[in-house]
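The primary structure of each chain is shown beneath.
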2 protein chains.
Amino acid sequence: MTQRLDHVFAALADPTRRQILSMLLEDDMAVTDVAEPFVMSLAAISKHLAILANAGLITQEKRGRVKWCKLEPDAMKDASVWMQGFGQFEPVNLDAFEAFLAEQFPPD
Amino acid sequence: MTQRLDHVFAALADPTRRQILSMLLEDDMAVTDVAEPFVMSLAAISKHLAILANAGLITQEKRGRVKWCKLEPDAMKDASVWMQGFGQFEPVNLDAFEAFLAEQFPPD
DNA sequence: TTCATATTCAACCATCTGGTTGACGATTGC
DNA sequence: GCAATCGTCAACCAGATGGTTGAATATGAA
């Protein structure tokens, strides 16, 4: 798991890759379309996408000659949970939130 | 701000540095004490601490000949907020949560 | 003063990173 | 079939990263 965190945080450390993730938030995209707004080469973007895929932050599926890239936001979960462990910066009252949940979704 | 995210995520991408942060969660520590559980040299730990300080994740204060390292968990806030923006992994219905908040803390 | 402790600095090294270019394989459209 | 498009691969490059060692600096203790 520590290795998974390595990969996720390292992937997120690059602004190009963060921008790609933001783009994929709107919709799945082909590699060429991902590359379009950037000034760097297609090969460079292809590498960035491979790094994101290796971190589990996206998946890629080839249909015909087009490779579609899809955001996998769950991959950020472990990293997010790890960070929350330092949680002095929780934005809301979690006790109240849990009470709310218990009310909305009562246990069996 | 994108540069701040660069530094924070890059700092978190190394397991040694994450372990140091976890250690500092318990208490402030001197550089030598931080280095103690690791097999690498003191100079290497000193560099890791400088990277954490540059990212704002810790602060260092020299008292006498000892330099104390202190966790600054707020520095993770921006990164955490950025990640939450991908929030498909939120465990609950956010609309319902917002309704709950509006009820608990009505706007003026 | 002198010695020991705490930490950094400087030089060095191997490896990783992020980019380039050009060639290549696979698929589609005419 | 043939040309164009989609994407990756391979080789290369400059610079960053993570580690080492030995010397240097600064403070504290005897």
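Owing to the predicted nature of the structure, the values given are computational and were not obtained by experimental measurement.

### Quick look at the overall build of chain A
Next, step 1: When helices and strands are tallied, chain A shows 6 helices and 3 strands.
Next, step 2: Mapped in sequence order, the helices and strands of chain A form the string α-α-β-α-α-β-β-α-α.
Next, step 3: By residue count, 38% of the 108 residues in chain A fall in the buried class.
Next, step 4: Relative to all contacts within chain A whose residues are 6 or more apart in sequence, the contacts with residues 24 or more apart total 51%.

### Some thoughts on the nonpolar core
Next, step 1: In this structure, A:Leu21, A:Leu57, B:Leu21 and B:Leu57 are the most contacted members of the largest nonpolar core, which totals 58 residues.
Next, step 2: Sequence-distant contacts of A:Leu57, defined by excluding residues within four places in its chain, comprise A:Val8, A:Ala11, A:Leu12, A:Leu21, A:Leu52, A:Lys70, A:Leu71, A:Glu72, A:Ala75 and A:Met76.

### Some details on the pattern of salt bridges
Opposite charge on two side chains permits pairing when their charged atoms draw close.
Next, step 1: Counted under the stated rule, the structure contains 4 salt bridges over all chains.
Next, step 2: Across the salt bridge formed by A:Arg18 and B:Asp6, the nearest N and O atoms sit 2.8 Å from each other. Taken as a pair, A:Arg18 in helix 2 (residues 15-26) and B:Asp6 in helix 1 (residues 2-12) lie in two separate chains rather than in one. Of the two residues, A:Arg18 and B:Asp6, both sit in the buried class.

### Overview of the sheet that holds strand 1 (residues 29-30) of chain A
Residue and element names in this part refer to chain A.
Next, step 1: Strand order in the open sheet formed by 3 strands is 1-3-2, with antiparallel pairing between adjacent strands. Bordering the open sheet on either side are strand 1 and strand 2 (58-63), each of which pairs with just one other strand.
Next, step 2: Alignment of strand 2 against strand 3 (residues 66-71), held across 6 bridges, turns out to be antiparallel. If you follow Thr59 over to strand 3, its bridge partner there is Lys70.
Next, step 3: On the sheet, helix 2 packs against strand 1, strand 2 and strand 3 and is oriented at approximately 90° with respect to strand 3.
Next, step 4: In this fold helix 4 (residues 42-54) packs onto strand 2 and strand 3, with an angle of close to 120° to the strand it touches most, strand 2.

### Looking at helix 1 (residues 2-12) of chain A
Next, step 1: What helix 1 of chain A keeps buried is the set A:Leu5, A:Asp6, A:Val8, A:Phe9, A:Ala11 and A:Leu12.
Next, step 2: For helix 1 of chain A, the elements touching its buried residues are helix 2, helix 4 and helix 5 (76-84) of chain A together with helix 1, helix 2 (15-26) and helix 5 (76-84) of chain B.

### So, the sheet that holds strand 3 (residues 66-71) of chain B
All names here are of chain B.
Next, step 1: The 3 strands lie next to each other as 1-3-2, forming an open sheet whose pairing is antiparallel. The sheet is open, and its two borders are formed by strand 1 (29-30) and strand 2 (58-63), each paired with just one other strand.
Next, step 2: Relative to strand 3, strand 1 runs antiparallel, the two being bridged by 2 bridges. Of the residues in strand 3, the one forming a bridge with Met29 is Cys69.
Next, step 3: Strand contacts of helix 2: strand 1, strand 2 and strand 3, with the helix running at about 90° to strand 3, the strand carrying the most contacts.

### Description of the protein's contact with DNA strand D
Next, step 1: Residues in contact with DNA strand D amount to 21 residues; listed here are only the nearest, A:Thr32, A:Ser46, A:Lys67, B:Lys47 and B:His48.
Next, step 2: Counting only the atoms of DNA strand D within 4 Å of the protein, the fraction contributed by sugar and phosphate is 68%.
Next, step 3: Between DNA strand D and the protein, one listed contact pairs a phosphate oxygen with a backbone N or O atom of A:Val31 at 3.3 Å.
Next, step 4: Within the side chain of B:Lys47, an N or O atom sits 2.5 Å from a base oxygen of DNA strand D.

Calculation rules
Residues numbered from 1 in each chain as written. Chains lettered and ligands numbered in written order. Predicted model: local features only at pLDDT ≥ 70, side-chain atom pairs only at ≥ 80, totals over all residues. Heavy atoms only, no water. Helix = DSSP H or I, 4+ residues; strand = E, 2+ residues; numbered from the N terminus. Buried < 20%, exposed > 50% of the residue type's maximum accessible area, 1.4 Å probe, protein only. Contact = heavy atoms within 4.5 Å. Core = buried A, V, L, I, M, F, W, Y, C linked by side-chain atoms within 4.5 Å. Salt bridge = Lys/Arg side-chain N within 4 Å of Asp/Glu carboxyl O. Pairing = 2+ DSSP bridges. Axes fitted to C-alpha atoms, helices over the stretch in contact; angles between N-to-C directions. Near = heavy atom within 4 Å. Polar contact = N/O pair within 3.5 Å; in protein donor to acceptor, adjacent residues only side chain to side chain.

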